[in-house]
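Residue-level structure breakdown
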Amino acid sequence: AVVSTQSTGEENEKLKKALGGEVPAAVPGAVGMTPEEAAAIRKQMEEEIRAQLEANASAMAAMLMSGEDRTAIAQQQFNEEQLKLLEKEKEKDNTPHITNLNEDNALSGVIHQLIQPGENIVGRKDGDTVPAICLSGLSIQKSHAIFARDGETVILRPGVVGAKTKVNGQTLNGDRTLMHQDRILFGSNHMYVYYDPVNKETAEGSPEQIDWEFAQKEIAQAKGFQTGADGQLSKEQQLAQEQVLELLPMVSES
């Protein structure tokens, strides 16, 4: 509903007068109460009235604000958000982090998780300890994995026995020191790439550009599937391979 400045002003006058009045007899239990009880009720009423006055003042200020003022405030809020994004991007460029991979290229590289010094737990938000990196899904444990960062060295280890994690297609069974552009699969479908802003040395066999297709083929090769990297597959075999790669995320924990 639209409230005019006039009606808001009239309400304010009534509220101000109420601040100078006595405790209404209509208040339940007001008759026969002790002075201390009456004072307590009056204090509570005054606090409520002042809160309402402040709310009304804000509402009136918003109604009286010119279009130019609204535009200026909106621009300021936008600038502040842009500044936060720039600061976060700058931090990412100087901090080890993981970035998501998605089958849809447009959705790859949109999630960035910074790895801070010390232990960074990867897991579900309903775990005993709130994880630094929250993931969801039946294949994700409450404490699924742990990034341990000491200086510029980052080690990845399982969080609990049985947690399914792969690095460059290989099952993670213990501590592993990560290298720039290592591919990490948490559970069955949370695929990430690790980026080291200081040491750009990559694992053997890593291409310059990492995408979803490469990461899936890498997992398929580790499982013993022939991926046709040498170009020796027939068209029928290539079609079968594509179908296998589409199904692979659903059976990657087998």
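Preceding block: the structure.
Residues numbered from 1 in each chain as written. Predicted model: local features only at pLDDT ≥ 70, side-chain atom pairs only at ≥ 80, totals over all residues. Heavy atoms only, no water.

Okay, the pairing of strand β3 (residues 118-123) next. Relative to strand β5 (residues 145-150), β3 is paired through 5 bridges, and the arrangement is antiparallel. For asparagine 120, the partnering residue across the bridge sits in β5 and is phenylalanine 147. By the bridge criterion, 2 bridges tie β3 to strand β4 (residues 133-134) in an arrangement that is parallel. Along β4, the bridge assignment pairs valine 122 with isoleucine 133. (Pairing = 2+ DSSP bridges. Helix = DSSP H or I, 4+ residues; strand = E, 2+ residues; numbered from the N terminus.)

With antiparallel pairing, 6 strands are arranged side by side in an open sheet as β2-β1-β11-β10-β7-β8. Every other strand in the sheet has two partners, leaving β2 (112-114) and β8 (170-171) as the edge strands with one partner each. The pairing of strand β1 (residues 97-100) with strand β11 (residues 190-195) spans 4 bridges and is antiparallel. Within the sheet, the bridge partner assigned to threonine 99 lies in β11 and is valine 193.

Grouped together as the largest cluster of nonpolar side chains are 17 residues, with contacts concentrated most on Ile98, Phe147, Leu156, Leu178, Ile184 and Phe186. Among the secondary structure elements, those contributing two or more residues to this core are β5, β6 (153-158), β10 (183-186) and β11. Residues Met191, Ile210, Trp212 and Ala215 belong to the second largest nonpolar core, which totals 8 residues. (Core = buried A, V, L, I, M, F, W, Y, C linked by side-chain atoms within 4.5 Å. Buried < 20%, exposed > 50% of the residue type's maximum accessible area, 1.4 Å probe, protein only.)

Moving on: the packing of aromatic side chains. Under the criterion given, the structure shown has 2 aromatic pairs. When the ring of phenylalanine 147 is compared with that of phenylalanine 186, the centres are 6.1 Å apart and the planes differ by 80°; the resulting orientation is edge-to-face. With phenylalanine 147 in strand β5 and phenylalanine 186 in strand β10, the pair connects residues that are 39 residues apart, well separated along the chain. Each member of the pair, phenylalanine 147 as well as phenylalanine 186, is classed as buried. Measuring from ring centre to ring centre gives 6.1 Å for phenylalanine 186 and tyrosine 192, while their planes differ by 65°; the resulting arrangement is edge-to-face. The buried category is assigned to phenylalanine 186, whose relative accessible area is 0%. (Phe/Tyr/Trp six-rings, centres within 6.5 Å; stacked < 30°, edge-to-face > 60°.)

Trp212, Ala215, Gln216, Glu218, Ile219 and Ala220 are the residues of helix α4 (residues 212-222) that are buried. At the exit of α4 stands glycine 224, carrying a positive phi of roughly 100°.

Now for the pattern of salt bridges. Taken as a whole and assessed by the stated rule, the structure comprises 9 salt bridges. Note that lysine 84 is salt-bridged to glutamate 81, the shortest N-O span being 4.0 Å. Of this pair, lysine 84 and glutamate 81 both sit in helix α3 (residues 67-93), separated by 3 residues, roughly a single helical turn. Put simply, arginine 157 and glutamate 119 hold a salt bridge, and the shortest N to O gap is 3.5 Å. With arginine 157 in strand β6 and glutamate 119 in strand β3, the pair connects residues that are 38 residues apart, well separated along the chain. The partly exposed category is assigned to arginine 157, whose relative accessible area is 21%. Through salt bridges with shared partners, a single network forms among Glu119, Arg157 and Asp175. (Salt bridge = Lys/Arg side-chain N within 4 Å of Asp/Glu carboxyl O.)

The subject of this paragraph is the sheet that holds β6. With mixed pairing, the 5 strands of this open sheet are ordered in space as β4-β3-β5-β6-β9. Edge positions in the sheet fall to β4 and β9 (176-177), since each of these pairs with one other strand and no more. Of the strand pairs in this sheet, β6 and β9 are connected by 2 bridges, and their pairing is antiparallel. Looking at the pairing, leucine 156 lines up with arginine 176 of β9.

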